[in-house]
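Overview (structure and organization)
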Amino acid sequence: MMGNGEIYKPRDWSGHPAYRHDPYASTVLRGPTKPLVRLRQTLSEVTGPHYGREAVGPLDADLTKNGVTDGEPLGERIIVTGRVVDEDGRPQPDTLLEIWQANAAGRYIHKKDQHDAPLDPNFFGAGRCVTDEDGRYRFLTVKPGAYPWRNHPNAWRPAHIHFSLFGPSFATRLITQMYFPGDPLLPLDPILGGIPDEQARARLVADFSLDVTEPEWALGYSFDIILRGRSATPMET
Ligand SMILES: [Fe+2]
């Protein structure tokens, strides 16, 4: 516990995307225009909720199964796995990971997503799991498609998966996005480009892994998440 009664040290956000990054147009309107006021952590933010394994079922981490109505989702089946660690490489067990993503055609199940691409009746696009003693998580899903987002003329988001992490309490929630290696849209994306450091941007790109790949079944990607320190995974502010 810190001397002022707070449990969690403030984060150093300097390596993370700025609140306002003009090429990412909506940040111009939503970014704060005045200096932030730091709020004290109170009991409700530092004591819970605790996400136990019992609340998360095994199918929750299988996006190829958890939205099925009458068949399997279309698209390229992929495994996404990695470890959640702190700045010293220590595993972070019992971290709740939630992901959400577009389907293989680049469409979300959300009324605001009116992109002219098909919904998949067998794909919901969200999943969750809890890290094990080694800090490891694993999802089975389909590779999301790129989608247009009207930020600027001919703007397309690179394929990505959104990640939310919860440690032991609300004050520990972090959000980021994972990208795929070799995507030609990566250098054109103002959201990824909002991260000031090139090496930090690269940490959001998963590694293709033949070790994770399962023969005759699914391609494998490895994506570790480092919570703090010089090699921290960039998080959304
Ligand atoms: Fe997205």
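In case you missed it, the structure is sitting above this.
Anyway, here's the lowdown on the structure attached to this text. (Residues numbered from 1 in each chain as written. Predicted model: local features only at pLDDT ≥ 70, side-chain atom pairs only at ≥ 80, totals over all residues. Heavy atoms only, no water.)

Overview of the overall build of the chain
The number of helices and strands found in the chain is three helices and 11 strands. Counted from the first residue to the last, the chain has its helices and strands arranged as α-α-β-β-β-β-β-β-β-β-α-β-β-β. Taking 2.2 N^0.38 as the reference for a compact globule, 237 residues should give roughly 18 Å; the C-alpha atoms of the chain span a radius of gyration of 18 Å, in line with that estimate. Along the first, second and third principal axes, the C-alpha atoms of the chain reach 55 × 45 × 35 Å. Counting over 237 residues, the chain shows a buried share of 44%. If you take every contact in the chain between residues at least 6 apart in sequence, the share linking residues at least 24 apart comes to 70%. For the chain, the accessible surface area stands at approximately 13,300 Å², while carbon and sulfur atoms represent 56% of it. (Helix = DSSP H or I, 4+ residues; strand = E, 2+ residues; numbered from the N terminus. Rg over C-alpha atoms; globule rule 2.2 N^0.38 Å. Buried < 20%, exposed > 50% of the residue type's maximum accessible area, 1.4 Å probe, protein only. Contact = heavy atoms within 4.5 Å. Areas by Shrake-Rupley, 256 points an atom, 1.4 Å probe, with all protein chains shown as cover.)

A closer look at the environment of Ala171
Structurally, Ala171 is set in the loop between strand S7 (160-166) and strand S8 (174-179). Along the chain, Ala171 and Ser44 lie 127 residues apart, while their C-alpha atoms are 8.9 Å from each other. Excluding residues within four positions of it along the chain, Ala171 makes contact with Tyr8, Glu45 and Val46.

Remarks on the sheet that holds strand S3 (residues 126-130)
The four strands lie next to each other as S3-S2-S7-S8, forming an open sheet whose pairing is antiparallel. Edge positions in the open sheet fall to S3 and S8, since each of these has one partner strand only. When the angles between neighbouring strand axes are averaged without regard to direction, this sheet yields 20 degrees. (Pairing = 2+ DSSP bridges. Axes fitted to C-alpha atoms, helices over the stretch in contact; angles between N-to-C directions.)

A short note on the environment of Pro196
Looking at the element boundaries, Pro196 is found in the loop between S8 and helix H3 (198-202). Between the C-alpha atom of Pro196 and that of Trp156, which follows or precedes it by 40 residues, the distance is 20 Å.

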